[in-house]
Amino acid sequence: MRKKFRIALAGNPNCGKTCIFNSLTGARQHVGNYPGVTVESKSGTFMLNDLEIELIDLPGVYSLSSSSPEEAVVFRELTKTGIDLIINVIDSTIPQRSLYMTTQLAELHIPMLLTFNMSDDARKKGLQFDIPKLEKYFGSPIVQTVGNTAGGVKALKDKLLDALAGLDDHGVPMLSYGKDFDEAIQEVANKIDSLNIAEYQHIPSRFFAIKLMEKDSCVMQIKAFQPAWDEVENQIRHLREMHAIEADTFMADRRYAMLAGACRDTISSTREKRREISDKIDLVMTNKFLGFPLFLAIMYGAFWFTFVCAAPFMGYIEEFFSWLGNLIGSWWNPVHLPYLRSLIIDGIIAGVGGVIVFMPNILFLFFVIAILEESGYMSRAAFVMDGVMRRFGLQGKSFVPLVLGFGCTVPAIMATRTIESERDRKITIMVLPLMSCGARLPIYALLIPAFFAQKYQAFTMWLIYIIGVIAALTGARLMKSTIFKGDGEVYLMELPPYRMPTLKSLLFHMWDRGKMYLHKAGTIILFTSILLYVCNTYPEKKFTPADEVRIEAEALSGQNAENIRKAEAMEYTISGRVGKFLEPVFKPIGFDWQVTTAAIGALSAKEVFVAQMGILYSEGEANEESDGLRQRLRENYTPLQAFCIMLFCLLSIPCLATLAIIRKELNSWKMAFIEAGGLFALAYISTFIVYQLGTLLKIGVDKLG
């Protein structure tokens, strides 16, 4: 008997497929993207007695109709060679709807094991199944499971062993769609057989005949089937004349009719249907008056939990990297390989540490998201916000990532994976950097107290955040009307029953996302940290004795001599020279070379802007609490310029970690460059208008220092 098998796990969204996958594979999982698309791929291995099994968790879909990227991925995976068995997970609380895709999977004639999951919930609803009859109907063995408990998949493992032992003797379902349609399918199948397409010899021609009759986009794109198109059109015309209905519509009707008959014969209810607890809860949670305030309260609670609980751990991580840097600094004599020493301490440790410090936020954030998703509430949140978001060309599920963007854009972009629509997901990702993340807060905290009276400070902060929100929603509306233009998409917004998430599943979800964050952001940040370190350090300025005399003289006026050296050394570096070179470009928006240089450094992380300005204005490692730096800024800039700096930092290119995640999630460097270029253009034009208009009207043009 064979010792290795490849099994595909297929099912509708919210059927408990992920719980079964996690229970079978444990921690032996690999997560990534399918080539060319942003649909998540997940595979894992496990041992069943002495058998080694690779389990492929296919995206959750409702059919194989190729109307979405997820459905196209499932179609391609299942029509490739190498799949030994399909485990089709069915939500047994809604069997008739869940079995729709089963009728399509059965046509593949790949051995299949039907898993009627959530059987405990089905029993509570009073549903009883005639398993032998259902097995005969679909030509496949059936097992009843409770996927969210550790012992709930034991029956599945036992049945899986039997199914793998009998792969050569698996049943072949005899699905009939009516005499006329069956005859039309057979004519097209005969034509396909005559083409002798080697690539798809392992799939029955009947399956492709049905897909061609339905005008399935994936099959229609396969050039090898083009010679059969004439026969397909003849049969569709014939059916239209007989039934006055399109073939694809007729096919769906026949499938549902078959399922209705099968379920009527094999499924019974022991008691009348009563309103379930989920329905009673939804009377409050999705109420048109209470739903939105409750959503805001829940999201506030999620934010509070994420940032309050993560704060101590972030402090520990910051202390660790500070300790590590000091340890290496004290151990490594500066006279030995000083450049390498500085690169490791100031470049690698500082850069990578600046990313890893957000790890607690990532873990707690996705722990909360997992609770909301697996409990069933995330679908309610999308439902509550759907009407508002569609006014701006998005769907309700886009709202949650946009709110999370106020914390950190990187995990917010990762959270867009809950959006089924590829177009809406791309738009959400593209506008997310306009939501003012926490990394911009130090910039606002430095400039607002320096340039605005106390009574206007809260309003100014509020205004900056509101500008970001308006820009994001307006951008979404414009993109939906231009580069992502298309017919309005209608999505089934399913409200699954509320369930109690399991700790094991929550921890798996949290660990998967945390691991992805480290892998996707950390590796690229390591490279960019080194690059920015080089740009901010080289070439080194050699101070002559005359320079030292001048610096000491300037120091007598109260400035720190060492900080004067740092500022001049920064001007001499690649970043400083680029700032001086670009100064004429940025002068129309109120920037000098110092601000331009700080903006370049802020590409690594927005907080770097404050530190860079502190060095350039001889205040050392200044932060937002430095009154000395604020005074120097008041002496050199006006309130109008300060507002323009904040506006530009809000709207302009996000940090490199964000661009890296955009590239990964959209699987395209082109989109990342378009994002960077588009945001830079938006920031420059907006800031130019504000600065020039303010200058013309003489608003905030007087220095306060």
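Calculation notes
- Residue positions within a chain follow its written sequence, with the count starting from 1.
- In keeping with the model being predicted, local features are shown solely for residues with a pLDDT of at least 70 and side-chain atom pairs are shown and tallied solely at 80 or more, while totals for entire chains, interfaces and linings include all residues.
- The side-chain quantities take in all heavy atoms of the structure and omit both hydrogens and water.
- Secondary structure elements are defined from DSSP: runs of H or I of at least 4 residues count as helices, runs of E of at least 2 residues count as strands, and each element is numbered from the N terminus.
- In this scheme, a residue with accessible area under 20% of its type's maximum is buried, one over 50% is exposed, and one in between is partly exposed, where area comes from a 1.4 Å probe on protein chains only.
- By arc we mean the arc of the directions from the helix axis to the C-beta atoms, nothing more.
- Strand pairing follows a simple DSSP-based rule, namely that at least 2 bridges must link the two strands.
- Patch membership is restricted to residues that have no salt bridge and whose relative accessible area is over 30%. Joining uses 9 Å for like charges and 5 Å for the nonpolar side chains Val, Leu, Ile, Met, Phe, Trp and Tyr.
- Only the protein chains shown count as cover for residues, and all accessible areas are computed by the Shrake-Rupley method using a 1.4 Å probe.
- Whenever a carboxyl oxygen of Asp or Glu lies within 4 Å of a side-chain nitrogen of Lys or Arg, that contact is scored as a salt bridge.
- Any N or O atom pair separated by 3.5 Å or less is treated as a polar contact, with the protein-specific requirement of one donor-capable and one acceptor-capable atom, and with residues adjacent in sequence counted only for side-chain atom pairs.
- The contact definition used throughout considers only heavy atoms, calling two residues in contact when any of these lie within 4.5 Å.
- Planes of paired rings set the category: under 30 degrees apart is stacked, over 60 is edge-to-face and the rest tilted, where pairs are Phe, Tyr or Trp rings (Trp by its six-membered ring) whose centres lie within 6.5 Å.
- We call a charge positioned above a ring when the Lys NZ or Arg CZ atom is no farther than 6 Å from the ring centre and deviates by at most 35 degrees from the ring normal.
- Axes, fitted as lines to C-alpha atoms, cover a helix only where it is in contact. Angles between the N-to-C directions of the axes lie from 0 to 180 degrees.
- Oblique is the label for any angle not covered by the other classes, which are roughly parallel (under 35 degrees), roughly antiparallel (over 145) and roughly perpendicular (65 to 115).
- Left-handed describes a crossing whose near helix is turned anticlockwise from the far helix through less than a right angle; right-handed describes the clockwise counterpart.
- Ten residues, namely Ala, Val, Leu, Ile, Met, Phe, Trp, Tyr, Cys and Pro, are considered nonpolar, four, namely Asp, Glu, Lys and Arg, are considered charged, and the remaining ones, Gly among them, are considered polar.

## Topic: the environment of arginine 391
1) Next: Inspection of the secondary structure puts arginine 391 in the loop between α17 (377–390) and α18 (399–404).
2) Next: Through-space distance from the C-alpha of arginine 391 to that of alanine 476 is 10.0 Å; in sequence the pair is 85 residues apart.

## Thoughts on helix α24 (residues 545–555)
1) Next: Restricting attention to buried positions, one finds in α24 the residues Asp547, Ile551 and Ala555. The buried residues of α24 all sit within an arc of 75° when viewed along its axis, so they share a single face. With respect to the buried face of α24, the exposed residues turned more than 90 degrees away are Pro545, Ala546 and Val549.

## A short note on the pairing of strand β4 (residues 51–57)
1) Next: Of all seven residues making up β4, five are buried, and the element is well covered by its neighbours.
2) Next: In this structure, strand β1 (residues 4–11) lies alongside β4, joined through six bridges in parallel fashion. Looking across to β4, one finds that lysine 4 is bridged to glutamate 52.

## Some points on the environment of lysine 288
1) Next: Secondary-structure assignment places lysine 288 in the loop between α13 (277–285) and α14 (291–331).
2) Next: You can call lysine 288 exposed: its relative accessible area is 72%.
3) Next: In the structure, lysine 288 is positioned 96 residues away from valine 384 in sequence and 7.7 Å away in space, judged by C-alpha atoms.

## Remarks on unusual backbone geometry
1) Next: A positive phi angle is found at lysine 215, which is not glycine, with a value near 55°.
2) Next: Mapped onto the secondary structure, lysine 215 falls in the loop between α9 (205–213) and α10 (217–220).
3) Next: Unlike most non-glycine residues, lysine 698 shows phi in positive territory, near 55°.
4) Next: Position of lysine 698 relative to the elements: it lies in the segment after α32 (669–697).
5) Next: You can call lysine 698 exposed: its relative accessible area is 66%.

## Let's talk about a nonpolar patch on the surface
1) Next: There is a patch of nonpolar side chains on the surface, built from Ile685, Phe688, Ile689, Leu693, Leu696, Leu697 and Ile699 and spanning about 710 Å² of accessible area.
2) Next: Its place among the elements puts isoleucine 685 in helix α32.

## A look at helix α27 (residues 593–601)
1) Next: Burial of α27 is extensive: seven of the nine residues sit out of reach of the surface.
2) Next: Residues Trp593, Gln594, Val595, Thr596, Thr597, Ala598 and Gly601 constitute the buried set of α27.

## Here's the deal with the pattern of salt bridges
1) Next: Going through the model one piece at a time under the given rule, you end up with 21 salt bridges.
2) Next: With a shortest N-O distance of 3.3 Å, arginine 565 and glutamate 552 are connected by a salt bridge. Of this pair, arginine 565 sits in helix α25 (residues 561–572) while glutamate 552 is found in helix α24, placing the two residues 13 residues apart along the sequence.
3) Next: Taken together, the salt bridges that share partners define one network made up of Lys211, Glu214, Asp216 and Arg255.

## Things to note about the side chain of threonine 416
1) Next: Its place among the elements puts threonine 416 in the loop between α19 (409–414) and α20 (422–431).
2) Next: Here isoleucine 413 takes part through its backbone oxygen, which lies 2.5 Å from a polar atom of the side chain of threonine 416.
3) Next: Other than its neighbours up to four places away in sequence, threonine 416 contacts Pro401, Arg425, Thr428, Ile429 and Leu432.

## What to know about the packing of aromatic side chains
1) Next: Considering all chains together, one arrives at 24 aromatic pairs under this definition.
2) Next: Taking the centre distance of 6.3 Å and the plane angle of 90° together, the rings of phenylalanine 313 and tyrosine 316 count as edge-to-face. Linking phenylalanine 313 with tyrosine 316, this pair stays in helix α14, spanning three residues, or about one helical turn.
3) Next: Geometrically, the ring pair formed by phenylalanine 586 and tyrosine 684 is edge-to-face, given 6.3 Å between the ring centres and 75° between the ring planes. Separated by 98 residues along the polypeptide, phenylalanine 586 in helix α26 (residues 574–586) and tyrosine 684 in helix α32 bring together distant segments of the chain. Exposure class is identical for phenylalanine 586 and tyrosine 684. Each is buried.
4) Next: What links up through ring pairs into an aromatic cluster is the set Phe75, Tyr200, Phe207, Phe208 and Phe225.
5) Next: Over the aromatic face of phenylalanine 543 sits the side chain of lysine 541, whose NZ or CZ is 5.6 Å from the ring centroid.

## Description of the pairing of β1
1) Next: Counting buried positions over the eight residues of β1 gives six, a clear majority of the element.
2) Next: The pairing of β1 with strand β5 (residues 85–91) spans five bridges and is classified as parallel. Across the sheet, glycine 11 pairs through a bridge with valine 89, a residue of β5.

## Focus on the environment of arginine 577
1) Next: When you line up the elements, arginine 577 lands in helix α26.
2) Next: The exposure class assigned to arginine 577 is partly exposed, which follows from its relative accessible area of 41%.
3) Next: Considered as a pair, arginine 577 and proline 539 are 38 residues apart in the sequence and their alpha carbons are 10.0 Å apart.
4) Next: Contact partners of arginine 577, with chain neighbours within four places excluded, come to Pro539, Glu571 and Tyr572.

## Looking at the packing of helix α30 (residues 639–651) against α32
1) Next: Contact geometry of α30 with α32 gives a least axis separation of 8 Å together with a crossing angle of 165°. On the basis of their axis angle, the class for α30 and α32 is roughly antiparallel. Our pair here, α30 against α32, has a crossing hand that is right-handed. Here α30 contributes Leu640, Gln641, Phe643, Cys644, Leu647, Phe648 and Leu651 to the contact with α32, which in turn contributes Leu679, Phe680, Leu682, Ala683, Tyr684, Ser686, Thr687, Val690, Tyr691, Gly694 and Thr695.
2) Next: Classifying every residue of the contact of α30 with α32 by side-chain character gives 13 nonpolar, five polar and no charged.

Any functional reading would require information beyond the geometric quantities listed.
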